[in-house]
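Listed below, chain by chain, are the residues.
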Amino acid sequence: MALDKSVLVDLPEHGIAYKKVSGKTYVYYVTATYRNEKGQPTCDRSSIGRLDEETGKLIPNRNYYEIYLKKPVPQAKGIFDYGVYDVFGKICAKLGVTKLLKRYFPENCSEILTVAQYMLSEGNVMYYLDDYTESHSTQLNGIMSDEKCGKMFSAIRSEDIMLFFREWMKQKKPHEYVAYDVTSISSYSKNMTELEWGYNRDKERLPQLNLGMYFGEESKLPLYYRTYPGSISDKAHLKYMLEDNEFINAKKTRFVMDRGFYSADNLRYLADNGYRFVIALPGSLKYVSEIIAKHGDEIRNYSAYRLGHGLPYGKKYETNALGFRMNVHLFYDNEKALKEIGSLYELIDSQEDDLKNMQEPPDKKLHYDRYFFINRSNDGKLAFKRNDEAIDARISQCGFFLIAETDFKKSTAEILDIYRRRDVIEKSFDDLKNETDMKRLCTQSGETTQGKLFVAFIAQIVRAYMLDNLTDYLRRNTCTMKKILNELDKIKQFDPHLSSAAHLINPLTKKQRELYDLLKILAPGSIG
């Protein structure tokens, strides 16, 4: 954001660079260019404003005036973007976030709310925070610099964060399932001991930390998170994550997880400690193959086991394969079977073409011998033949998937619905990394990282609430959350310091009132 969006100037002709952040193009004055220690070209630069996409001109900030014109920054007109601040504050108050922040972070509460509002609107990069707070109403009611923000992040203590979580977990519905998942966040900082090399979800090997999060399937809210080194696998960390549950009042939580968290030890740990769970099972497990072989024909295309329109066939079986009682729900989906068989033959055809051009047997790690017999013929050339028995065995498993659970009171259709609803946390992670721009940490120390992740969590609470209440509206109007925030930014307020009482410049539009109604909060000027 800029100091005054009505002021436009020509772009400087030389010495500038551009960077796209959250859909907006920021312009920089380049002060020096050089190669870093890896030999890559880089530069030192200062933000001078944002590009106005319609006119191609610059919306200048204070740096522009100081660098190019050697003049003082024009004074603001006493008009502030008000809508996002109003909605953000009312949602935080409605959910009890503001109350908890005042209790556990009394010295930094206003700053936390201000930066969380900024992150909701603008993302992870703090360079433009001072411009934003100069043009927007915020809880701080004043300008906040990037430097002040960094000090605030460092002041947030882990003990207070845990106390916040202990109270915040009360938002969890009594019998709802909590989706648990992990994502990785990368950083190039050399001063963070938490960072370790690992593979992120895009298969990139980068220094990173992992972020495990609880997300309520009914409350539709993020409930808790914890970070751990990026080299530790998700399933290895599960029981350590659960050790926090007693302190944060989550001892009787019911979990739903994908197959990435599966291990026999993890499921035994959950069962032994009284946790109910719903988890997808990897198809490679021996007892999974045995269940498909034994019961697959019982449900395949039998109308008695069809779960409904657009749903697969399914049936429940009890097993003690892991040494304790659990139900395994076997599902079969015709469309899934056709896709998997098609993909299987594409792989086999591709491998066969590769083998025709090979002079030496392929490395065992490439698994060409999974569906082919490979050896040398009498003349010394590479010989191969399709393993029809292995191919048929794989085809017999196509279209099946299994979900294990220890609820015992839910039907097969209900278990499938619980598992499918866990996609709320995947969407939340997608928002956190793409909309809030947290794919990369722009911090240099563990202390600032801890604080920044917590403030991002507060922003994510508000975003999750808004998405839950606006999903149908967004779909009907083919609209994005960014457009909603831009619409709210059109609500302007006179500076209360320049007037006897703060008031809006114009009444709300029909669209703005509809948004307030859908969010279940009072619009400005309404009588509750």
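Above this text sits the structure in question.
Thresholds, definitions, all that
- Residues numbered from 1 in each chain as written.
- Predicted model: local features only at pLDDT ≥ 70, side-chain atom pairs only at ≥ 80, totals over all residues.
- Heavy atoms only, no water.
- Helix = DSSP H or I, 4+ residues; strand = E, 2+ residues; numbered from the N terminus.
- Buried < 20%, exposed > 50% of the residue type's maximum accessible area, 1.4 Å probe, protein only.
- Areas by Shrake-Rupley, 256 points an atom, 1.4 Å probe, with all protein chains shown as cover.
- Core = buried A, V, L, I, M, F, W, Y, C linked by side-chain atoms within 4.5 Å.
- Pairing = 2+ DSSP bridges.
- Arc of directions from axis to C-beta.
- Phe/Tyr/Trp six-rings, centres within 6.5 Å; stacked < 30°, edge-to-face > 60°.
- Lys NZ or Arg CZ within 6 Å of the ring centre and 35° of its normal.
- Disulfide = S-S within 2.5 Å.
- Axes fitted to C-alpha atoms, helices over the stretch in contact; angles between N-to-C directions.
- Left-handed = near helix turned anticlockwise from the far one by under 90°.
- Contact = heavy atoms within 4.5 Å.
- Nonpolar A, V, L, I, M, F, W, Y, C, P; charged D, E, K, R; others polar.
- Patch = residues over 30% accessible without salt bridge, like charges linked within 9 Å, V, L, I, M, F, W, Y side chains within 5 Å.
- Salt bridge = Lys/Arg side-chain N within 4 Å of Asp/Glu carboxyl O.

**Section: the overall build of the protein chain**
For the protein chain, the helix and strand inventory stands at 17 helices and 17 strands. In the protein chain, which comprises 528 residues, the proportion classed as buried is 49%. Here the protein chain has roughly 26600 Å² of accessible surface; of this, 48% comes from carbon and sulfur atoms.

**Quick word on the nonpolar core**
Soluble globular proteins tend to pack their nonpolar side chains together in the buried interior. In terms of nonpolar packing, the biggest core is built from 113 residues, with Phe164 and Met466 touching the most fellow members. No other element matches the 15 residues that helix 15 (residues 446–476) contributes to this core. Tyr177, Val256, Ala280 and Leu416 belong to the second largest nonpolar core, which has twelve residues in total.

**Concerning unusual backbone geometry**
Unusually for a residue other than glycine, Phe408 sits at a positive phi of about 70°. The backbone of Lys520 sits at a positive phi, close to 60°, despite the residue not being glycine. In this structure, Lys520 sits in the segment after helix 17 (510–518).

**Re the pairing of strand 14 (residues 372–376)**
Remark: a regular strand shows side chains that alternate across the two faces of the sheet. As defined by bridge partners, strand 14 adjoins strand 15 (residues 382–386) across five bridges and the pair is classed as antiparallel. Across the sheet, the residue bridging to Phe372 is Arg386, located in strand 15.

**Overview of helix 1 (residues 62–69)**
Within the span of helix 1, buried status applies to Arg62, Tyr64 and Tyr65. The buried residues of helix 1 occupy one face: seen down the axis, they fall within an arc of 165°.

**Examining the packing of aromatic side chains**
Per the counting criterion, the structure on display carries 21 aromatic pairs. Ring plane angle 70° and centroid distance 6.1 Å describe the contact between Phe164 and Phe165, whose orientation is recorded as edge-to-face. Residue classification places Phe164 among the buried residues on the basis of a relative accessible area of 0%. Ring centres 6.2 Å apart and planes at 20° place the aromatic pair Phe164 and Trp168 in the stacked group. Here Phe164 and its partner Trp168 are both found in helix 7 (residues 158–168), four residues apart, which amounts to about one turn of the helix. Between Arg166 and the ring centre of Phe247, over which it is positioned, the NZ or CZ distance is 4.6 Å.

**Describing the state of the cysteines**
As enumerated under the stated definition, the model contains zero disulfides in all. You can see Cys92 has no disulfide; the closest cysteine sulfur is in Cys109, sitting 8.9 Å from it.

**Details of the packing of helix 4 (residues 109–122) against helix 6 (residues 146–155)**
For the pair helix 4 and helix 6, the least separation of the axes is 11 Å and the interaxial angle reads 115°. In the crossing of helix 4 with helix 6, the sense of the turn from one axis to the other is left-handed. From helix 4, Glu111, Ile112 and Val115 reach across to helix 6, where they touch Lys148, Cys149, Met152 and Phe153. Here the residues of the contact of helix 4 with helix 6 are counted per class, giving five nonpolar, no polar and two charged.

**So, a nonpolar patch on the surface**
Together, Ile79, Phe494 and Ile505 make up a nonpolar patch on the protein surface, roughly 210 Å² of accessible area in all. Considering the arrangement of structural elements, one finds Ile505 in the loop between strand 17 (492–494) and helix 17. Of the residues examined, Ile505 reaches a relative accessible area of 30% and is grouped as partly exposed.

**What about the pattern of salt bridges?**
This model, assessed by the stated rule, comprises 29 salt bridges. Across the salt bridge formed by Lys492 and Asp81, the nearest N and O atoms sit 2.3 Å from each other. Taken together, the residues Lys492 in strand 17 and Asp81 in strand 5 (residues 79–81) connect sequence positions 411 residues apart. Since its relative accessible area comes to 25%, Lys492 is described here as partly exposed. Across the pair Lys148 and Glu111 runs a salt bridge whose closest N-O atoms are separated by 3.8 Å. With Lys148 in helix 6 and Glu111 in helix 4, this residue pair connects regions lying 37 residues apart in the sequence. Linked by salt bridges that have partners in common, Arg103, Glu167 and Lys170 make up one network.

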